[in-house]
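Residues per chain are reported as follows:
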Amino acid sequence: MEADLIIIGGGLAGLTTANRALELGLRPIVLEKGKEVDYPCNSRYSGGLFHVAFKDVTKPVEDIEAAVKAAGDFSQSYPGGDSIQSIMSEDAAKALCWLREGRAKFIKGGQPEFMRWMLAPPRPRGAGLDWKGRGPDVLLRRLTEALQEAQAAPRLGWRAVHPLIEDNHLVGIIAQGPNGQEKLRARAIVIADGGFQANMELMQRYISPKPEALLQRGGGTGMGDGLTIAETAGAALIGLDSFYGHLLGRDAIENPKLWPYPVVDTIARSAILVDQAGLRFTDEGLGGVSMANAVAKLADPMASVVIFDEETWTGVAADNRYPPCMNPVYENAGGKVFAAPSLNELAFKVSVDPDGLSRTVDGWNDAVDTASFSNLSPPRSVETFQPEPIRKPPFRAIPVIAGITYTMGGIAIDRDARALDQVGNPIRGLYAVGSASGGIEGGPSSAYIGGLAKAVITGLRAAESIAKER
Ligand SMILES: Cc1cc2nc3c(=O)[nH]c(=O)nc-3n(C[C@H](O)[C@H](O)[C@H](O)COP(=O)(O)OP(=O)(O)OC[C@H]3O[C@@H](n4cnc5c(N)ncnc54)[C@H](O)[C@@H]3O)c2cc1C
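Residues numbered from 1 in each chain as written. Predicted model: local features only at pLDDT ≥ 70, side-chain atom pairs only at ≥ 80, totals over all residues.

Trainee: Quick rundown of the overall build of the protein? Include the residues and the values.
Mentor: Counting secondary structure elements, the protein contains 15 helices and 19 strands. Relative to the globule expectation of 23 Å for 470 residues, the C-alpha radius of gyration of the protein, 22 Å, shows essentially globular dimensions. Projected onto the principal axes, the alpha-carbon positions of the protein cover approximately 70 × 45 × 40 Å. Within the protein, contacts between residues at least 6 apart in sequence are counted, and of these 73% link residues at least 24 apart. (Helix = DSSP H or I, 4+ residues; strand = E, 2+ residues; numbered from the N terminus. Rg over C-alpha atoms; globule rule 2.2 N^0.38 Å. Contact = placed C-beta atoms within 7 Å.)

Trainee: Tell me what's going on with the site of the ligand, and back it up with residues and numbers.
Mentor: If you check the shell around the ligand, you find 41 residues, and the closest are Gly9, Gly11, Gly194, Gly434 and Gly451. The element best represented in the shell around the ligand is helix H15 (residues 451-468), accounting for four residues. Split by residue class, the shell around the ligand holds 16 nonpolar, 20 polar and five charged. (Near = placed C-beta within 6 Å. Nonpolar A, V, L, I, M, F, W, Y, C, P; charged D, E, K, R; others polar.)

Trainee: I'd like to hear about the sheet that holds strand S19 (residues 437-438), residue by residue, with values.
Mentor: Spatially, three strands are ordered S10-S16-S19 in an open sheet, and the strand pairing comes out mixed. Edge positions in the open sheet fall to strand S10 (237-238) and S19, since each of these has one partner strand only. Here strand S16 (residues 410-412) pairs with S19 via two bridges, running parallel. Paired with Ile411 across the two strands is Ser437, which belongs to S19. In this fold helix H8 (residues 225-232) packs onto S10 and S16, with an angle of close to 30 degrees to the strand it touches most, S16. (Pairing = 2+ DSSP bridges. Axes fitted to C-alpha atoms, helices over the stretch in contact; angles between N-to-C directions.)

Trainee: Give a description of the domain arrangement of the protein that names residues and reports values.
Mentor: Along its sequence, the protein is carved into domain 1 (3-241 + 408-468) and domain 2 (244-404). Taken over C-alpha atoms, the centre of domain 1 sits 32 Å from the centre of domain 2. Contact with domain 1, which involves 26 residues of that partner, is made by 32 residues of domain 2. Along the lines of polarity and charge, the residues of the side of domain 1 that touches domain 2 split into eleven nonpolar, eleven polar and four charged. (Domains from an automatic or database assignment.)

Trainee: Please give an account of the packing of helix H1 (residues 12-23) against helix H6 (residues 135-149) that cites residues and values.
Mentor: When two helices pack together, their arrangement is given by the angle between their axes and by how far apart the axes lie. The contact between H1 and H6 brings their axes to 10 Å, and the two run at 35 degrees. Crossing of H1 against H6: the hand is left-handed. Across the interface between the two elements, Leu12, Leu15, Thr16, Ala18, Asn19 and Leu22 from H1 touch Leu140, Leu143, Thr144, Ala146 and Leu147 from H6. Partitioning the contact of H1 with H6 into residue classes produces eight nonpolar, three polar and no charged. (Left-handed = near helix turned anticlockwise from the far one by under 90°.)

Trainee: Lay out the environment of Ser372 with the relevant residues and their values.
Mentor: With respect to the helices, strands and loops of the structure, Ser372 is situated in the loop between helix H14 (354-370) and strand S15 (395-407). C-beta crowding within 10 Å serves as the criterion here: with 13 such atoms nearby, Ser372 is assigned to the partly exposed category. As a C-alpha pair, Ser372 and Val68 span 304 residues in sequence and 28 Å in three-dimensional space. (Buried ≥ 20, exposed ≤ 12 C-beta atoms within 10 Å, placed from the backbone.)

Trainee: Explain unusual backbone geometry to me, and be specific about the residues and the numbers.
Mentor: Following Asn327, the chain continues into Pro328 via a peptide bond in cis, with omega recorded as 15 degrees. Looking at the element boundaries, Pro328 is found in helix H12 (residues 326-332). With an omega dihedral of 0 degrees, the bond running from Pro393 to Pro394 counts as a cis peptide bond. Inspection of the secondary structure assignment puts Pro394 in the loop between H14 and S15.

Trainee: Residue-level account of H6, with values.
Mentor: In this model, H6 (15 residues) spans 21 Å end to end at C-alpha, consistent with the 21 Å of a helix rising 1.5 Å per residue. All of the buried residues in H6 are Gly135, Pro136, Asp137, Leu139, Leu140, Leu143, Thr144 and Leu147. Buried residues along H6 sit in contact with H1, strand S2 (28-32), helix H2 (42-45) and strand S4 (118-120). Positive phi appears at Gln151, one or two residues downstream of H6, with a value of about 60 degrees. (Expected span 1.5 Å × (residues − 1).)

Trainee: An account of the environment of Leu140 is needed here, citing residue identities and associated values.
Mentor: Here Leu140 shows up in helix H6. Residues Leu140 and Ser43, 97 residues apart in the sequence, show an inter-C-alpha distance of 7.9 Å. Among all residues touching Leu140, those that are not within four sequence positions of it are Leu12, Leu15, Ser43 and Arg44.

Trainee: Tell me what's going on with the packing of H1 against H15, and back it up with residues and numbers.
Mentor: In the contact formed by H1 and H15, the axes pass within 8 Å of each other and the chain directions differ by 35 degrees. With respect to the hand of their crossing, H1 and H15 are arranged in right-handed fashion. Packed against H1, whose contacting residues are Leu12, Ala13, Thr16, Thr17, Arg20 and Ala21, the element H15 presents Leu452, Ala455, Val456, Thr458, Gly459, Leu460, Ala462, Ala463, Glu464 and Ile466 at the interface. Looking at the contact of H1 with H15 residue by residue, the class counts come to ten nonpolar, four polar and two charged.

Structure (structure tokens):
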């Protein structure tokens, strides 16, 4: 055996697994398909907010658990998935402690609770992608250095392609390395490849009828190799139809300064999101991740527009608690915000049916006045985000697209991050961690619990489980 475990992917989930495995006396090999030392991945590009279900991870477990359940309690809906989501609340504080043991520094990123633990140094609160030397990049470098010191540096430019199965047992992995395909053997394989958001075939099968109309809001490295490897080895796949992402201004397609920040969610969750007929099609009150999923599911994901008024533009859109705020950052970075003195004129400018839009806005304003949001079609929830009227000119519009960061479903796992088969039994030697795993996030309400925390918590659990089974 070349190693105790082979880890597919050198993002936060993979590097956490490898570092913890080393601490426990195991020999890990990390295969990373990126060739450069600062290879792209979502972990490196991340905003660095370490939270679980938007809670401060040092809060009592019961509080965090309640927030996880409120986000979307669905993990009991598949065999072996019982209480898998609870590992997020149970291990939240432990994961933070592990990171703080010389691996990462944190600062308070802002007043809202989910900003309590932000990887330092933080990224500037501006538009566009800025990762070099920021907290998440520094963390990945530290984790890599620790592996290098133990002669276990990630193998860059290695892409895992197939499981190695002998006598019906998974015994290793077939990987494409610099000198061609090789068979690598280990008693455990840990899939940490970050999801399938960059695989257009899988995206069309599970996420959107037109995946090319979504914008990659991240490293764009998740090709679903791990999903295919696990499925070939008999694993069950769960919740593949939802993703973590945000609404982005459509100009982001041409203008790289408009992604990953700012996000249009901050306006849309107070306003209305309409299609070309001027009709609402989703509950904006569920927030940006849910809206991005709804846009992706449309026959034409490029045809939706956020409509709001001057009050919202100078109010919530300029609220600096969730930086960078859309007003003025979006326009300063080159994004177009359409404005007109009447709704009719605005509708023409953004190719939306004016009669449909007028009826939608009338109904919306009535609902705001009478607080009767359940009568709207679709109903608008008000528990999290306050709906604002659309009355004060100039009226404004931003055409949007769905930005996809990572797929939230994936390989079904148990509480030890062991991959499960179709009837819920663990598959010997197969694990999935981070965004490759399913059952923790997603589900009917596109529940987002926290990608960084999921990477560390599942990574620690996988390494500890492999050590136990020695
Ligand atoms: C802009 C942005 C902001 C974010 N902000 C936050 C935040 O503030 N808080 C938060 O909790 N989450 C945030 N996230 C999400 C978070 O970054 C991810 O959920 C998390 O980092 C995923 O880690 P991972 O290791 O599972 O995947 P990744 O970091 O994507 O790593 C997967 C790795 O696997 C490699 N790989 C893929 N296929 C193969 C293969 N076949 N063989 C070998 N290697 C392979 C890839 O190259 C990649 O390096 C953000 C993400 C982005 C992009």
